[in-house]
Amino acid sequence: MISEGSCDTEDWSNDAENSEFRGTIADHPDFDAGSDAEALYDAMKGFGSDKEAILDLITSRSNAERQDIRAAYKSQFGKDLIDDLKYELTGKFERLIVVLMRPPAYHDAKEIKDAIKGAGTDEKCLIEILASRTNEQIHNLVAAYKDAYGRDLEEDVIGDTSGHFKKMLVVLLQGTREEDDVVSEDLVEQDAQDLYDAGEAQWGTDEAKFIMLLGNRSVIHLQLVFDEYQKIAEKSIEDSIKSELSGDFERLMLAVVQCIRSKPMFFAKRLYKSMKGLGTADNTLIRIMVSRSEIDMLDIRECFRLRYEKSLYNMIQDDTSGDYKRTLLKLCGGDDDMAGEFFPEAAQIAYKMWEISAMTKIQLRGTVRPYQNFDPASDAQGLRKAMKGFGTDEDTIIDIVAHRSNAQRQEIRQTFKSLLGRDLMADLKSELSKNLQRLILGLMMTPAEFEAKMMKKAMEGAGTDEHALIEILVTRSNQEIQEMCSAYQNAYKKSLEDAIASDTSGHFKRILISLAQVHLHSSCIQTLTHSSYFVLYELIFYFNRIYIYIYISLALFQLTKQFFIVVDLVLSSKKIAVTCVYFPVRSVKNQPSYFADRLYKAMKGLGTDDRALIRIMVSRAEIDLFNIRKEFKETHDTSLHEFIQGDTSGDYRKTLLILCGGED
């Protein structure tokens with residue numbers, strides 16, 4: 001049988017085990033294959049089976065050791081260990097244990113065989129395996145496929161796929177990517193220019209050039225090419241692929257780029273998508289947890305925590321059950337939410353992401369633009385006609401308001417007043433109701449008026465919506481905050497600073513007031529270290545998580561002029577010790593991702609946070625809602641359009657969908 005090496009040999013961002021072991025499953029000390037085979041036999045003989053003993057033994061042995069156990073089991077008992085495990089175990093637990101007992105190359109071969117057999121094709125499985133494996137792993141996979149099924153893997157892939165997707169898969173199946181010591185410095189600029197000329201610089205796309213370069217150049221070489229491409233195109237290679245390619249070919253090329261940037265982050269995203277929402281993609285979960293447990297699971301855990309502010313361990317715990325869950329948790333190897341220690345690899349990845357973000361000049365795109373042939377008098381009269389008499393023509397109101405820019409809506413307000421002597425806002429308020437009313441009125445306000453209204457709503461009543469206060473004050477520019485403060489004073493005859501002071505307390509109050517005043521403090525920070533990795537450590541705060549988020553943002557803003565997210569917290573009695581890594585939130589590059597996550601949280605689960613939904617859809621419609629849509633689709637595997645459609649109804653939904661601007 002073919003055995004796979006315990007590590008890849010990529011750069012730090014791909015498989016950091018080239019400098020140290022980064023898996024969670026290693027060779028067992030004092031390993032004895034015969035003794036282990038006997039222990040497994042005893043665990044399965046008689047009535048029932050000792051599942052805990054089976055999972056404890058198998059998850060504490062490396063794959064090479066499991067192969068020795070399997071051979072010893074055959075020689076001692078004359079039986080196939082995998083057959084006995086299949087007989088004794090059931091369900092997902094059985095699938096997971098059996099996968100652990102297979103050599104990696106043979107498991108990859110089986111996964112690909114299952115992906116292409118039958119009526120349909122599991123393209124995501126093909127993409128994940130072939131985009132992420134090293135040359136050696138590919139060669140072992142091809143040989144294992146031939147040995148297990150007596151067929152040629154390349155021929156089977158060709159027979160089941162088509163077009164450029166097929167061509168790129170065939171290139172990857174050759175396993176001929178240049179090794180990482182091959183970096184042709186004189187070709188870096190040329191390759192970057194060739195990629196630009198093949199896509200952005202011409203009408204149509206030269207897919208062959210993308211296939212040749214991304215399928216054959218070394219990882220380190222391509223990382224340099226991507227940096228150079230950024231300078232030439234003023235956009236990332238990922239953004240160009242999204243705009244130039246489509247379908248499975250686009251998804252494959254993005255996966256290749258993501259693996260070149262960081263394999264651990266690629267797998268962290270795949271794991272998150274396998275467990276989020278209703279149901280679990282168990283095949284994907286099992287495949288990744290098993291295949292990476294001896295390679296880079298520690299790095300995947302760190303990337304997972306970095307991106308999703310939740311440990312992989314906790315997500316597995318919440319999404320699975322029984323012996324299946326216990327086995328997965330063994331492979332995971334630990335709970336990072338309980339760690340409180342600094343992970344240098346995560347810092348490197350965070351810093352690399354920050355560098356990419358800082359150099360990227362993304363084109364922010366809204367979904368609402370100025371209406372051509374705009375006539376404020378005609379619109380004002382159209383709105384008046386829609387509201388007078390018996391009943392209200394909501395369709396006309398929605399059609400006019402949602403298809404005009406905010407500047408045009410302000411002209412309509414003025415014209416409505418001058419032509420008809422009436423207050424348009426008052427008329428709309430009397431004619432509309434509930435969420436539709438709140439949404440239409442929000443669109444008709446100036447941005448400063450709307451933000452002031454949202455701040456007022458966040459602080460009025462019995463409770464305070466701290467998340468809304470944070471979202472508005474942390475993500476708005478200084479000018480936007482100043483205009484909002486002025487609008488708040490005009491509307492409510494009270495300064496925003498005074499309103500915050502009367503509704504909040506302690507450090508949180510001081511932080512928010514500082515933001516409203518557009519100057520920053522960091523008086524409670526005891527120890528602050530600013531290194532090349534933007535690491536902040538040994539901070540002790542005497543308040544809760546939400547305050548830490550703001551305070552650390554402020555502290556790092558003073559050092560870097562960027563806002564950052566907390567990615568690791570450790571609770572200890574009444575204190576919260578923070579030892580973590582950060583990457584920017586307030587930068588232009590990361591805001592769409594931040595708002596995509598906020599929209600997802602506003603609509604997922606039972607009930608909808610309509611206030612947050614309205615606030616984001618209105619405030620971002622002319623700024624970056626198109627970018628937010630793209631981030632939403634990439635992160636959550638469903639379109640924002642579909643989420644709104646499934647979570648809202650009636651004219652309210654119709655208006656939100658117009659603002660959304662399309663279905664990705």
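Residues numbered from 1 in each chain as written. Predicted model: local features only at pLDDT ≥ 70, side-chain atom pairs only at ≥ 80, totals over all residues. Heavy atoms only, no water.

Draft legend 1. Region of the structure containing the overall build of the protein chain. Assigned secondary structure in the protein chain consists of 37 helices and three strands. By the burial criterion, 54% of the 664 residues in the protein chain qualify as buried. Residue pairs in contact within the protein chain that sit at least 24 positions apart in sequence constitute 72% of those at least 6 positions apart. Only carbon and sulfur atoms are counted for the fraction: they give 47% of the accessible area of the protein chain, which is about 28400 Å². (Helix = DSSP H or I, 4+ residues; strand = E, 2+ residues; numbered from the N terminus. Buried < 20%, exposed > 50% of the residue type's maximum accessible area, 1.4 Å probe, protein only. Contact = heavy atoms within 4.5 Å. Areas by Shrake-Rupley, 256 points an atom, 1.4 Å probe, with all protein chains shown as cover.)

Draft legend 2. How the structure looks around the pattern of salt bridges. Evaluated as defined, the whole model comprises 33 salt bridges. Linking D108 and R133 is a salt bridge whose minimum nitrogen-to-oxygen distance equals 2.9 Å. One end of the pair, D108, is in helix α6 (residues 104-116); the other, R133, is in the loop between α7 (123-132) and α8 (135-149), and 25 residues separate them in sequence. Judged on exposure class, the residue D108 and its partner R133 are both buried. Across the salt bridge formed by K654 and D395, the nearest N and O atoms sit 3.0 Å from each other. With K654 in helix α37 (residues 650-660) and D395 in helix α23 (residues 394-402), the pair connects residues that are 259 residues apart, well separated along the chain. Assessed through its relative accessible area of 34%, K654 is described here as partly exposed. Exposure remark for D395: the relative accessible area of 41% places this residue in the partly exposed category. One salt-bridge network, in which partners are shared between bridges, spans E111, E128, R270 and R287. (Salt bridge = Lys/Arg side-chain N within 4 Å of Asp/Glu carboxyl O.)

Draft legend 3. Spotlight on the nonpolar core. Residues L214, M289, I440, M455 and M617 are the most contacted members of the largest nonpolar core, which totals 166 residues. For this core, the element with the highest residue contribution is helix α15 (residues 247-261), accounting for nine residues. If sequence neighbours within four positions are ignored, M455 has contacts with L469, I472, L473, M484, Y488, L496 and I500. (Core = buried A, V, L, I, M, F, W, Y, C linked by side-chain atoms within 4.5 Å.)

Draft legend 4. Structural view of unusual backbone geometry. You will see that E234, though not glycine, has its phi angle at about 55 degrees, which is positive. For E234, a relative accessible area of 43% puts it in the partly exposed group.

Draft legend 5. Examining the packing of aromatic side chains more closely. Under the definition given, this model contains 13 aromatic pairs. Judged by centre distance (6.4 Å) and plane angle (65 degrees), the ring pair of Y196 and Y229 falls under edge-to-face. Here Y196, found in helix α11 (residues 185-198), pairs with Y229, found in helix α13 (residues 219-233); they are 33 residues apart in sequence, far enough to count as distant. Aromatic pair F632 and F643: ring centres 5.4 Å apart, planes at 65 degrees, arrangement edge-to-face. Residue F632 is found in helix α35 (residues 625-636), and its partner F643 is found in helix α36 (residues 640-647); the two are separated by 11 residues along the sequence. (Phe/Tyr/Trp six-rings, centres within 6.5 Å; stacked < 30°, edge-to-face > 60°.)

Draft legend 6. Structural context of the packing of helix α12 (residues 207-216) against α15. Following both chains from N to C, one finds α12 and α15 inclined at 30 degrees, their axes separated by 11 Å at the closest point. Considered as vectors, α12 and α15 are oriented roughly parallel to each other. As α12 runs across α15, the sense of the crossing is left-handed. Where α12 approaches α15, its residues E207, F210, I211 and L214 are matched on the opposing element by F249, M253, V256 and V257. Here the contact of α12 with α15 is built from residues that sort into seven nonpolar, no polar and one charged. (Axes fitted to C-alpha atoms, helices over the stretch in contact; angles between N-to-C directions. Parallel < 35°, antiparallel > 145°, perpendicular 65-115°, else oblique. Left-handed = near helix turned anticlockwise from the far one by under 90°. Nonpolar A, V, L, I, M, F, W, Y, C, P; charged D, E, K, R; others polar.)

Draft legend 7. The arrangement of the environment of S321 in detail. Position of S321 relative to the elements: it lies in the loop between α19 (312-319) and α20 (322-332). Taking relative accessible area as the criterion, S321 reaches 52% and is therefore assigned exposed. For the pair S321 and F93, spaced 228 residues apart in sequence, the C-alpha separation works out to 9.7 Å.

Draft legend 8. Region of interest: α15. A rise of 1.5 Å per residue sets the reference length of α15, with its 15 residues, at 21 Å; its end C-alpha atoms lie 21 Å apart and thus fit the reference within 8%. Counting buried positions along α15 gives 12 out of 15 residues, so the element sits mostly inside the fold. All of the buried residues in α15 are F249, E250, L252, M253, L254, A255, V256, V257, Q258, C259, I260 and R261. (Expected span 1.5 Å × (residues − 1).)

Draft legend 9. Molecular detail of the confidence of the model for the protein chain. Mean pLDDT over the protein chain stands at 82; residues scoring 70 or higher make up 81%. Long-range and interchain partners of residues 1-19, a stretch whose pLDDT sits below 50, account for 65 contacts in this model, where long-range means more than four residues apart. For residues 519-588, every residue scores under 50 in pLDDT, and the model assigns this stretch 186 contacts once sequence neighbours within four places are set aside. (pLDDT = per-residue confidence, 0-100.)

Draft legend 10. Broad picture of the packing of helix α22 (residues 376-387) against helix α24 (residues 406-420). It is at 8 Å that the axes of α22 and α24 come closest, and there the two elements cross at 70 degrees. With respect to their mutual orientation, α22 and α24 come out roughly perpendicular. Facing α22, whose interface residues are P376, A377, D379, A380, Q381, L383, R384 and M387, α24 presents E411, I412, T415, F416, L419 and L420.

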